[in-house]
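# Report on the structure
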Amino acid sequence: MDERTALRMLAADLSGAGDDAAVVDGTVITTDMLHEATDFPAGTTRYTAGWRAVGASLSDVAAMGATATAAVAVYAAPTFDEAELRSFVDGACDVCTAVDAEYVGGDLDGHQEFTVATTAVGETDAPVRRSGATPGDAVCVTGTLGRTAAAIRLFENGDAERGNDLFRFTPRVATGETLRDHATAMMDSSDGLARSLHQLAEASDCGFDLDVDRVPVDSSVDEVARNDADRRECALHFGEDFELVFTVPETALETVRTATDVDVTRVGTVSESGSGVVAGGGPLPDRGFTHASDASEP
C-alpha cells in the first residue's frame, strides 16, 4: 500500500482518526515523523529542522481550530553533537513561542538516519473537521503556496541560507482559532492544495471547482520555476507549505477576511457530491507530497 491507502485503512478502524488531529475530551493531539532523506535537504540546519518538525505538528493543531498548548519531539541521529542538539531545541522552542505554546522536552535515540518524531497538543471544544463542507461554500487558502518547492530548488542550487529561511514557516494557529467560528471544513496544505481538496471532498462527500488563476503563488516560486506549468506544479501539487485550506459560507467570507491575521484568498467553490475536483473544466489530478525517498523533486 502507498501512504494514503494505509492511512485510509487505519482511519476506517480508528474512530478518532481521519482529521489533521484527534480530539479527546477537548484535547487535540497529533503526531508526525520527518526523515533526513525525505524532509531535510542537504544544507538544512538543525535549528530549521527543530522549527519545521515541531511546526508541522502545530500546523495540524491549527487546522482543527484549536489553541496550541505544548509540543514534544524525539530526536534520533547516528551521533549526538552538542551544538546541533542545542540548535534543534532552540528551533523547536522558538516555533512554539511564535504560537504562544511551550516546548516541553522529548526523547533521544540513536538511529542510522537523522529522524524526528513530534507531537503537539492543543485545546478546543469546537473542532473544525474535514467533513463539513457544503455545496455553495467558498473554498479558501491562507498565505501563499509553493514556498517549500522553491526552498528545495534553492537548497539544490547551493543557496542554503534562503532555503532555510523559506523552510521556517509560522503555523497558522491564531488564524485557525479565528476560523473556528466560521469554517465548515478545514485541513492544512501539507500534502499540497490539490490533494487537500481531494481529501476534503472525500470527507465531506462533495466536489470542488478550483479557479487556478486565483491560487496565491509565493513570489519565491517565480525565482526558480522553469515555466508556467512548473509554477503551477509547485503551487498545486508539491505541498509541505503548511497553510490552511478551508471552506466557509459565502455570507461569512468578508468577515473571515477582515478578522484573520493573514491574507485569505478564495480559490473556488464547493460543488455537489459526485462532481469531482475540477480545475479549468477538467479533473484536477490527485497528486501531492509523499514520504518516499524516491519521490520526484518539484
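Starting from 1, residues in each chain are numbered consecutively following that chain's sequence as written. Reporting of local features is limited, given that this is a predicted model, to residues whose pLDDT is at least 70; pairs of side-chain atoms are given and counted only at 80 or more, and all residues count toward the totals for whole chains, interfaces and linings. Note: side-chain values were computed over all heavy atoms of the structure, leaving out hydrogens and water.

## Quick notes on the pattern of salt bridges
- When a carboxyl oxygen of Asp or Glu lies within 4 Å of a side-chain nitrogen of Lys or Arg, that pair is called a salt bridge. With the rule as written, the count across this model stands at 14 salt bridges.
- A salt bridge links Arg-129 to Asp-19; the nearest nitrogen and oxygen atoms lie 3.1 Å apart. One end of the pair, Arg-129, is in the loop between strand E5 (115-123) and strand E6 (138-142); the other, Asp-19, is in the loop between helix H1 (3-13) and strand E1 (22-24), and 110 residues separate them in sequence.
- The cut-offs for exposure are 20% and 50% of the maximum accessible area for each residue type, with area from a 1.4 Å probe on protein chains only; residues under the lower value are buried, those over the upper are exposed, and the others partly exposed. Assessed through its relative accessible area of 34%, Arg-129 is described here as partly exposed.
- The partner of Glu-233 in a salt bridge is Arg-287, with the nearest N and O atoms 2.6 Å apart. Within this pair, whereas Glu-233 is found in helix H10 (residues 228-238), its partner Arg-287 is found in the segment after strand E12 (282-283), the two being separated by 54 residues in sequence.
- The partly exposed category is assigned to Glu-233, whose relative accessible area is 28%.
- Here the salt bridges share partners, and the residues they tie into one network are Arg-153, Arg-226 and Asp-230. Note on conventions: DSSP H or I runs of at least 4 residues are helices, E runs of at least 2 residues are strands, and numbering of each starts at the N terminus.

## Some remarks on the UniProt feature "binding site: substrate" (unreviewed entry) in the chain
- UniProt positions are given in the numbering used here, feature names are shortened, and annotations may be inferred rather than shown by experiment. UniProt's feature table lists "binding site: substrate" (unreviewed entry) at Asp-39, Glu-240 and Phe-289, given in the numbering used throughout. In three dimensions, the annotated residues from a span of 251 residues occupy one location, with a maximal C-alpha spread of 10.5 Å.
- One can find Asp-39 in helix H2 (residues 36-39).
- For Glu-240, the position within the fold is in the loop between H10 and strand E9 (244-248).
- For Glu-240, a relative accessible area of 8% translates into the label buried.
- The contact partners of Glu-240, leaving out residues within four places of it in the chain, are Asp-39, Arg-52, Thr-148, Ser-189, Ser-190, Gly-192 and Phe-289. Residue contacts are counted whenever heavy atoms from the two residues lie within 4.5 Å of one another.

## Regarding the packing of helix H5 (residues 147-156) against helix H6 (residues 160-167)
- It is the contact of H5 with H6, at a shortest axis distance of 8 Å, that shows an interaxial angle of 160°. One element, H5, and the other, H6, form an angle in the roughly antiparallel class. For H5 against H6, the interelement crossing comes out left-handed. Only Ala-160, Arg-162, Gly-163, Asn-164, Asp-165, Leu-166 and Phe-167 of H6 make contact with H5, whose side of the interface consists of Arg-147, Thr-148, Ala-150, Ala-151, Ile-152, Leu-154 and Phe-155.
- Each residue belonging to the contact of H5 with H6 can be placed in one class, and the counts come to eight nonpolar, three polar and three charged. Lines fitted to C-alpha atoms define the axes here, with helix axes fitted over just the stretch in contact, and angles between the N-to-C directions of these axes take values from 0 to 180 degrees. Between 65 and 115 degrees an angle is taken as roughly perpendicular, under 35 as roughly parallel, over 145 as roughly antiparallel, and anywhere else as oblique. By definition, any crossing whose near helix is turned counterclockwise from its far helix by less than a right angle is left-handed, and any crossing with a clockwise turn is right-handed. Three categories are distinguished: nonpolar for Ala, Val, Leu, Ile, Met, Phe, Trp, Tyr, Cys and Pro, charged for Asp, Glu, Lys and Arg, and polar for the others, with Gly belonging to the last.

## Regarding the packing of H5 against H10
- Close contact between H5 and H10 brings their axes to 8 Å; oriented N to C, the two are set at 120°. With respect to H10, the axis of H5 lies oblique. Contact with H5, carried on its side by Thr-148, Ala-149, Ile-152 and Arg-153, involves Asp-230, Cys-234 and Phe-238 of H10 and no other residues of that element.
- Looking at side-chain class alone, the contact of H5 with H10 contains four nonpolar, one polar and two charged residues.

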